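# An overview of the molecular structure
So the chains spell out like this:
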Amino acid sequence: INKNIDDDLSSIHKYIKLKDLNKFRLKVFEEINKKNIHKKLYKLCENEINILCSNDLAVQKRINISLHLPNDKSSIIDLHSDTLSGQSPFEIVQWIPLCNVQGTNSIYLFDNKKSNKINKDLKLYEKKGFNKILKKHLKDNDFIDLNYGQLILFSPTNWHGNTVNLTNQSRVSINLRYKPLFSPKFDFLSKEKGIGAFYKILNLSQASMIGLNYKLPSIK
């Protein structure tokens, strides 16, 4: 956009027209993914990821970026659970807003209890549509309020999404997924979302390196 945004990114809508938003987002997406910053993002909450996930880690190869401008209906991500679109139930999602977020310029995230309830009742909404689920379950406290410098980690089994941004502040955020490198066979991944295509190796412990390179000697 040939301008330096010298204040925080919540005012980015002053510099970008809605008709140019997707083109701009794709350009930023390309630039971010040239820089190979996966390790830096991992280091932001290394201990928490290791505790929740594993030390032997795969990471999503392409870092996602989202821009959520005021009153922009084109950037709505409807209620969904990532595991229903082929993501692994063993992974952890790292969501990092690059400005303060609250209310409708953030995302909503349903806790385990509410997500399990939706899973149980999902067939009931096959014809009614997900909007009925949202209308029934969404409360103000489901929106994630974070200050710049904070982030959240959550399971892809939790239902989440966003709505029209009714605030006067934009939201810019990035997200990335981490997965145990040796997750069980009970893993819903398709070939398109396996190691090499969707993930790459981030961490490999010494024990795992030894084990992967070890060949049992023949005694015959």
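If you're wondering where the values come from, they're calculated on a predicted model, not measured in any experiment.

Attention now goes to the state of the cysteines. Applying the stated criterion across every chain yields a total of zero disulfides. Take Cys-53: it sits in no disulfide, and the sulfur closest to it among the cysteines is that of Cys-45, at 11 Å. A disulfide-free cysteine, Cys-99 has its sulfur positioned 18 Å from the sulfur of Cys-45, the nearest such atom.

Here we take up helix 4 (residues 112–121). Turning to helix 4, its buried residues are Lys-114, Ser-115, Ile-118 and Asp-121. Mapping the buried residues of helix 4 onto a view down its axis gives an arc of 135°, with all of them on the same face. Exposed and oriented more than 90 degrees from the buried face of helix 4 are Asn-112, Lys-113, Asn-116 and Lys-120. The secondary structure elements touched by the buried residues of helix 4 are helix 5 (130–137). Sitting at the head of helix 4, Asp-111 places a side-chain oxygen 3.3 Å from the backbone nitrogen of Lys-113.

Right, let's get into the nonpolar core. Of all hydrophobic cores here, the largest spans 24 residues; its most connected members are Leu-67 and Tyr-178. Listing elements by their share of this core, those giving two or more residues are helix 1 (21–32), helix 2 (38–43), strand 1 (57–60), strand 2 (64–68), strand 3 (92–97) and strand 7 (171–180). What Leu-67 contacts, discounting residues up to four positions off in sequence, is Ile-12, Ile-16, Leu-21, Phe-24, Arg-25, Ser-75, Arg-171 and Val-172. Membership of the second largest hydrophobic core comes to ten residues, among which are Val-93, Trp-95, Val-101 and Ile-152.

With that settled, the discussion passes to the packing of aromatic side chains. One pass over the structure, following the stated rule, counts four aromatic pairs. A cation over a ring is seen here: Lys-179 above Tyr-199, with NZ or CZ 5.8 Å from the ring centre.

Before going further, it helps to spend a moment on the side chain of Thr-104. Among the structural elements, Thr-104 can be located in the loop between strand 3 and strand 4 (108–109). A polar atom in the side chain of Thr-104 sits 2.9 Å from the backbone nitrogen of Leu-166. Apart from residues no more than four positions distant in its own chain, Thr-104 is found in contact with His-68, Phe-143, Thr-163, Val-164, Asn-165, Leu-166 and Thr-167.

We now examine the pattern of salt bridges. One pass over the full model with this rule turns up eight salt bridges. Among the salt bridges present, the one from Lys-34 reaches Glu-31, with a minimum N-O distance of 3.2 Å. Since its relative accessible area comes to 29%, Glu-31 is described here as partly exposed. Salt-bridge contacts for Lys-114 lead to Asp-142; the nearest nitrogen and oxygen are separated by 3.0 Å. A residue pair is termed long-range when its members are at least 10 positions apart, and Lys-114 in helix 4 and Asp-142 in the loop between helix 5 and strand 5 (152–154) qualify at 28 residues. The exposure classification of Lys-114 matches that of Asp-142, with both residues buried. Within this structure, Lys-27, Glu-31 and Lys-34 form a network of salt bridges that share partners.

The phi torsion at Asn-36 lies on the positive side, around 50°, for a residue other than glycine. Its location among the elements puts Asn-36 in the loop between helix 1 and helix 2. Although it is not a glycine, Asn-71 sits at a positive phi angle of roughly 60°. Relative to the helices and strands, Asn-71 resides in the loop between strand 2 and strand 3.

Reading the values: rules and limits
Residues numbered from 1 in each chain as written. Predicted model: local features only at pLDDT ≥ 70, side-chain atom pairs only at ≥ 80, totals over all residues. Heavy atoms only, no water. Disulfide = S-S within 2.5 Å. Buried < 20%, exposed > 50% of the residue type's maximum accessible area, 1.4 Å probe, protein only. Helix = DSSP H or I, 4+ residues; strand = E, 2+ residues; numbered from the N terminus. Arc of directions from axis to C-beta. Contact = heavy atoms within 4.5 Å. Polar contact = N/O pair within 3.5 Å; in protein donor to acceptor, adjacent residues only side chain to side chain. Core = buried A, V, L, I, M, F, W, Y, C linked by side-chain atoms within 4.5 Å. Phe/Tyr/Trp six-rings, centres within 6.5 Å; stacked < 30°, edge-to-face > 60°. Lys NZ or Arg CZ within 6 Å of the ring centre and 35° of its normal. Salt bridge = Lys/Arg side-chain N within 4 Å of Asp/Glu carboxyl O.

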